[in-house]
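This is what each chain is made of:
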Amino acid sequence: MKRMRTYPPSRKVIAVLAAALLATGVAACGNSDTGGSGGDDGTITLGFSQVGAESGWRTANTTSIKEAATEAGIDLKFDDAQQKQENQIKAIRNFIQQKVDVIAFSPVVESGWDTVLKEAKDAKIPVILTDRSVDSADKSLYKTFLGSDFVKEGRLAGEWLVQKEQSATGPVNIVELQGTTGSAPANDRKKGFAEAIAANPNLKIVASQSGDFTRAGGKQVMEQFLKANPKIDVLFAHNDDMGLGALEAITAAGKVPGKDITIITVDAVKDGMQALADGKFNFIAECSPLLGPQLMDLVKKVHAGESVPARIETQETTFTQEQAKEALPNRKY
Ligand code: GYE
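Below: a short report on this structure. (Residues numbered from 1 in each chain as written. Predicted model: local features only at pLDDT ≥ 70, side-chain atom pairs only at ≥ 80, totals over all residues. Heavy atoms only, no water.)

Another aspect to go through is the sheet that holds strand β11 (residues 311–313). Pairing is parallel across the open sheet formed by 6 strands, whose spatial order is β2-β1-β3-β4-β5-β11. Here the strands that pair on one side only, and so sit at the sheet edges, are β2 (75–80) and β11. The mean inter-strand angle of the sheet, taken between neighbouring strand axes irrespective of direction, is 20°. Two strands pair when backbone bridges link them, and strand β5 (residues 144–147) and β11 are joined in this way by 3 bridges, in the parallel orientation. Bridge pairing in β11 links Leu146 to Ile312. (Pairing = 2+ DSSP bridges. Helix = DSSP H or I, 4+ residues; strand = E, 2+ residues; numbered from the N terminus. Axes fitted to C-alpha atoms, helices over the stretch in contact; angles between N-to-C directions.)

Structure below.
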């Protein structure tokens, strides 16, 4: 390859560059009263801090958000926090520094957000919560929360079990694989499930531990459950991935999943639906990850200063084995 000679830039070139830089600077300042860095062409910049890539649900959620941003012509700055709150706080501070127009994030845990949310508010950058909520008492720290009703998902899972075991005469031993400790879906699914199964005193949770919403976590914790508890009748896993991991532990212990142990999960991602259709799972409460299009609509609205509802709930359903067989061919994620 021919080596190129480089010349120092001439004064004229430097002057032109400086003028161009100045012009951009002025344009950015002119825009600052909208609180953000959107370009002259009106492009909205969205800073999004994602929880991580812990599950099939999360992967589908990330794809939905990226695709919807492209579709809506929104400039997306995406950050993956690898399931760590400190990384999310760092990402949000970066977004504030970069003067994005809107910040959205899915908080890994519920507590500890007030300080950074206050910083965003002071910088006049609107914040949207997606998927998971925060427990801040000050609701003015964010514009809206778009996501599922996790308590309801837990309740639906519990109600199905109450129905299934209605004629049980002895104790039905349940083990529970919780999601990430301190996360809204783990707290709420646990709560909803416990409330529902209280209807039948035979239904007892004999062990409950976090598998961090991952397959590896589900497998490892289920192995411990199986060692410590000679009689396990039911597994309630807070997501499909932990249930899928647990399948391996159950099979390795010489038990038949879906028969010896009834398995109930949440999410209804493709792999979970496949396990349900194959008779390895028994019931799934759906949780939709396809939040992208609704999120982009909200981004546009809050950026335009329009008011939005404080809470937008995702529409969901439940699946039995028969329903999974029917739905599977058209399942998108
Ligand atoms: O159920 C789980 C994921 O926050 C609703 O997070 C989400 C949950 C989902 O890891 O699979």
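This is not the end of the story, as more comes after the structure.
Further remarks concern the site of the ligand. If you check the shell around the ligand, you find 13 residues, and the closest are Glu54, Asp131, Arg132, Asn239 and Asp267. One of the side-chain N or O atoms of Asp131 is found 2.8 Å from an oxygen atom in the ligand. A distance of 2.9 Å separates an oxygen atom of the ligand from a polar atom in the side chain of Asn239. Protein contacts shield 100% of the accessible area of the ligand, which totals 300 Å² for the unbound molecule. (Near = heavy atom within 4 Å. Polar contact = N/O pair within 3.5 Å; in protein donor to acceptor, adjacent residues only side chain to side chain. Areas by Shrake-Rupley, 256 points an atom, 1.4 Å probe, with all protein chains shown as cover.)

Not every positive phi belongs to a glycine, and Asp131 is a case in point at roughly 70°. Residue placement: Asp131 occurs in the loop between β4 (127–130) and β5. Judged by relative accessible area, which is 4%, Asp131 ranks as buried. Phi is positive for Asp212, close to 60°, though the residue is something other than glycine. You can see Asp212 is positioned in the loop between β7 (203–210) and α7 (215–228). (Buried < 20%, exposed > 50% of the residue type's maximum accessible area, 1.4 Å probe, protein only.)

Here we come to the pattern of salt bridges. Overall, the coordinates contain 17 salt bridges when judged by the stated rule. We note a salt bridge from Arg215 to Asp241, for which the minimum N-O separation is 3.0 Å. Highlighted residues: Arg215 in helix α7 and Asp241 in helix α8 (residues 240–252), separated in sequence by 26 residues. Since its relative accessible area comes to 6%, Asp241 is described here as buried. Residues joined in a network through salt bridges with shared partners are Glu54, Arg58, Asp131 and Arg132. (Salt bridge = Lys/Arg side-chain N within 4 Å of Asp/Glu carboxyl O.)

As a further point, take the pairing of β2. Bridge analysis of strand β1 (residues 45–50) against β2 gives 6 bridges, and the strand direction is parallel. Within the sheet, the bridge partner assigned to Phe48 lies in β2 and is Phe78.

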